[in-house]
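Close look at the chain arrangement
The residues making up each chain are set out below.
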Amino acid sequence: MATISKMPGHMCRFYKKGRCLYDELLNPGYNAELRCKILVGLEDEYDKLLRQAETFKLSAEVVSELWDLRIAEHRASTGGCHKNALQGEDTYPLCSDGYEDICLLEFPRCEGICDKFMPTED
């Protein structure tokens, strides 16, 4: 007897790179734990820099130089991320496992067409 397997869900609007984003797309941003740790870290660093720039009345040139230094430091310290490049290219902080500002690796694998299947909008 033949084994019956589910059809791939790649035509579903909740399917992204083999993952099911059903819950996220119904309520975007609700679960902050799904956000990309690299981008969250950069946002925190940027906010910190802006507060410091305002407190110390730094010029735009100085802030730009400091930001470049912080980017380099942040980049060197993000070794815990699975990937931080797109197809081998240097695209920091973008990632091949990212979708907007979320990490696709945090979502369940798509097992194929399911009860939540909804065709993509073209």
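Residues numbered from 1 in each chain as written. Predicted model: local features only at pLDDT ≥ 70, side-chain atom pairs only at ≥ 80, totals over all residues. Heavy atoms only, no water.

Here the focus is the nonpolar core. Within soluble globular proteins, side chains that are nonpolar tend to cluster in buried spots. Formed by Cys 36, Ile 38, Leu 42, Leu 49, Ala 53, Val 63 and Trp 67, the largest nonpolar core amounts to seven residues. Only helix H2 (37-56) and helix H3 (60-76) provide two or more residues apiece to this core. Element by element, the count of residues in this core is highest for H2, at four residues. When neighbours within four sequence positions are excluded, Val 63 is seen to be in contact with Leu 49, Ala 53 and Leu 58. (Core = buried A, V, L, I, M, F, W, Y, C linked by side-chain atoms within 4.5 Å. Buried < 20%, exposed > 50% of the residue type's maximum accessible area, 1.4 Å probe, protein only. Helix = DSSP H or I, 4+ residues; strand = E, 2+ residues; numbered from the N terminus. Contact = heavy atoms within 4.5 Å.)

Moving on, we get to the side chain of Arg 19. If you trace the backbone, Arg 19 turns up in strand S2 (residues 19-20). Buried charge without a partner: Arg 19 forms no salt bridge, and the closest opposite charge is Asp 97, 6.5 Å away. Once residues within four sequence positions are removed from consideration, Arg 19 is found in contact with Phe 14, Leu 104, Leu 105, Phe 107, Pro 108, Arg 109 and Cys 110. (Lys, Arg positive; Asp, Glu negative; His and termini not counted. Salt bridge = Lys/Arg side-chain N within 4 Å of Asp/Glu carboxyl O.)

What follows covers the packing of aromatic side chains. The geometry of an aromatic ring pair comes down to the distance between the two centres and the angle between the two planes. Using the criterion set out here, one finds two aromatic pairs in the structure. Seen from their ring centres, Phe 14 and Tyr 22 are 4.9 Å apart, and the 80° between their planes marks the pair as edge-to-face. On the accessibility criterion, Phe 14 (5% relative accessible area) is buried. With 5.1 Å between their ring centres and 75° between their planes, Tyr 46 and Trp 67 make a pair best called edge-to-face. Here Tyr 46 is found in helix H2, whereas its partner Trp 67 is found in helix H3, with 21 residues between them in sequence. Tyr 46 gets classed as partly exposed once you look at its relative accessible area, which sits at 38%. (Phe/Tyr/Trp six-rings, centres within 6.5 Å; stacked < 30°, edge-to-face > 60°.)

Turning our attention to the pattern of salt bridges. All chains considered together, the criterion is met by four salt bridges. Across the pair Arg 35 and Glu 43 runs a salt bridge whose closest N-O atoms are separated by 2.7 Å. Its salt-bridge partner being Arg 35, residue Asp 101 comes within 2.9 Å of it at the nearest N-O pair. Of the two residues, Asp 101 is situated in the loop between strand S3 (98-99) and strand S4 (102-103) and Arg 35 in the loop between helix H1 (22-26) and H2; the sequence distance between them amounts to 66 residues. Taking relative accessible area as the criterion, Asp 101 reaches 31% and is therefore assigned partly exposed. Linked through salt bridges whose partners overlap, the residues forming this network are Arg 35, Glu 43 and Asp 101.

Just geometry here; none of it tells us what the structure is for.
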